[in-house]
Amino acid sequence: MKLRGLYAVTPESGDVERKLRLALQGGIALLQYRSKTRNEMYARAVVRLAREFGVPVIINDDVELALELGADGAHLGRDDGELSVARKRLGGKLLGASCYNQLGLARAAVDAGADYIAFGSVFPSPTKPQAVRAPLGLFKEARALGVPLAAIGGITLDNAPQLIAAGADLLAVISDLFDAPDIRQRARDYGKLFA
C-alpha cells in the first residue's frame, strides 16, 4: 500500500457523509475516522464509504474498534496505549503514531512497529490551537527512519507545497478540505501537488 497524498481526517460535525463522499470522489490517499466520542454507527458508515471508493481507512485512538470494524489500521497518540501491543493486535494492518515534534518518539515508534509517523502541528491549527509546533526541518531528519511521514495541523493548499518539499509523504487535513466551498475540487487540487 502506497502511503502518499492527501490523508483526510473526518470532521466532527456538519453533513459528514456528504462531505466524505465528495472528498473520496476528489481522490484521497487515506481516510482517518476521528471522533471525540466513540460512535460505532458513524464509524461503520465511514468504513463502508471508504470501501466503496477503495480507500484505506484508519481508526484514530482505538485499536479494538479498528479490529471490530475491519478497518485497515489504527493511529495512536502518546496516551492511546503501547505501540508494540497495538502492533501485535493489528497484525499486518497499518499502524500510525503521533510523534508531535519529537524525533526520539518517532524512532521509538518505528522500533515498536509503526508503519508511518505523524508530526505536528506544523502550522497553527483551528482544530487543536494549543498543539505543540513541529518544525519543518524535522521531516528531513526523520527521512532516515525509512517510513512514510505525515504532517498534520493547519495545513492549507497554500502551505502544503513547503511540507512536501520538506519531506512529508502524507498531508493530514480536516478544515481546509471539509470547509472548502468545493470539497471534491479541493481534494483534486491536493492530489495534483503529489503528481
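The preceding data block contains the structure.
About the criteria used
Within every chain, residues take consecutive numbers counted from 1 along the sequence as written. Per-residue local features of the predicted model are confined to residues with pLDDT of at least 70, and side-chain atom pairs are confined, for both listing and counting, to 80 or more; whole-chain, interface and lining totals are unaffected and use all residues. Calculated side-chain values reflect all of the structure's heavy atoms, with hydrogen atoms and water omitted. Salt bridges, as used here, are contacts in which a Lys or Arg side-chain nitrogen is within 4 Å of a carboxyl oxygen on Asp or Glu. Put simply, DSSP marks the helices as runs of H or I at least four residues long and the strands as runs of E at least two long, and each gets a number from the N terminus on. The rule is simple: take the accessible area with a 1.4 Å probe, protein chains only, and divide by the maximum for that residue type; under 20% is buried, over 50% is exposed, in between is partly exposed. Side-chain atoms within 4.5 Å are what join buried Ala, Val, Leu, Ile, Met, Phe, Trp, Tyr and Cys residues into a set we call a nonpolar core. For this analysis, residues touch if any pair of their heavy atoms sits within 4.5 Å. Ring pairs are drawn from Phe, Tyr and Trp, using the six-membered ring of Trp, whenever the two centres fall within 6.5 Å, and their geometry is named by plane angle: stacked under 30 degrees, edge-to-face over 60, tilted for the rest.

1. Describing the pattern of salt bridges
Where charged atoms from two side chains of opposite charge approach closely, those side chains can pair.
Part 1: Per the stated rule, a full pass over the model turns up 14 salt bridges.
Part 2: The residue R38 makes a salt bridge to D62 at a minimum N-O spacing of 2.8 Å. A residue pair is termed long-range when its members are at least 10 positions apart, and R38 in the loop between β2 (30–33) and α2 (40–52) and D62 in the loop between β3 (57–60) and α3 (63–69) qualify at 24 residues.
Part 3: Among the salt bridges present, the one from E40 reaches R44, with a minimum N-O distance of 3.8 Å. With E40 and R44 both in helix α2 and 4 residues apart, this pair spans about one turn of that helix.
Part 4: Given the relative accessible area of 28%, E40 is considered partly exposed.
Part 5: The class of R44 is partly exposed, set by a relative accessible area of 37%.
Part 6: One continuous salt-bridge network, built from bridges that share partners, spans R38, E40, R44, D62 and E68.

2. Focus on the nonpolar core
Part 1: Ranked by internal contacts, the top residues of the largest apolar core, which has 73 residues, are F119 and L171.
Part 2: Other than its neighbours up to four places away in sequence, F119 contacts C99, Y100, Q102, A106, A134, L138, F139, A142, L149, A150, A151 and I152.

3. A closer look at the packing of aromatic side chains
Part 1: All told, the structure shown has 3 aromatic pairs when counted by the stated rule.
Part 2: Both rings, one in Y7 and one in Y116, keep their centres 5.8 Å apart while their planes meet at 80°; by these two values the pair is edge-to-face. With a gap of 109 residues between them, Y7 in strand β1 (residues 5–9) and Y116 in strand β6 (residues 116–119) connect regions that are remote in the sequence. With respect to burial, Y7 and Y116 carry one shared label: buried.
Part 3: For the pair F119 and F139, a centre-to-centre distance of 5.5 Å together with 85° between the ring planes defines the contact as edge-to-face. Here F139 lies in helix α6 (residues 137–142) and F119 lies in strand β6, a separation of 20 residues in the sequence.

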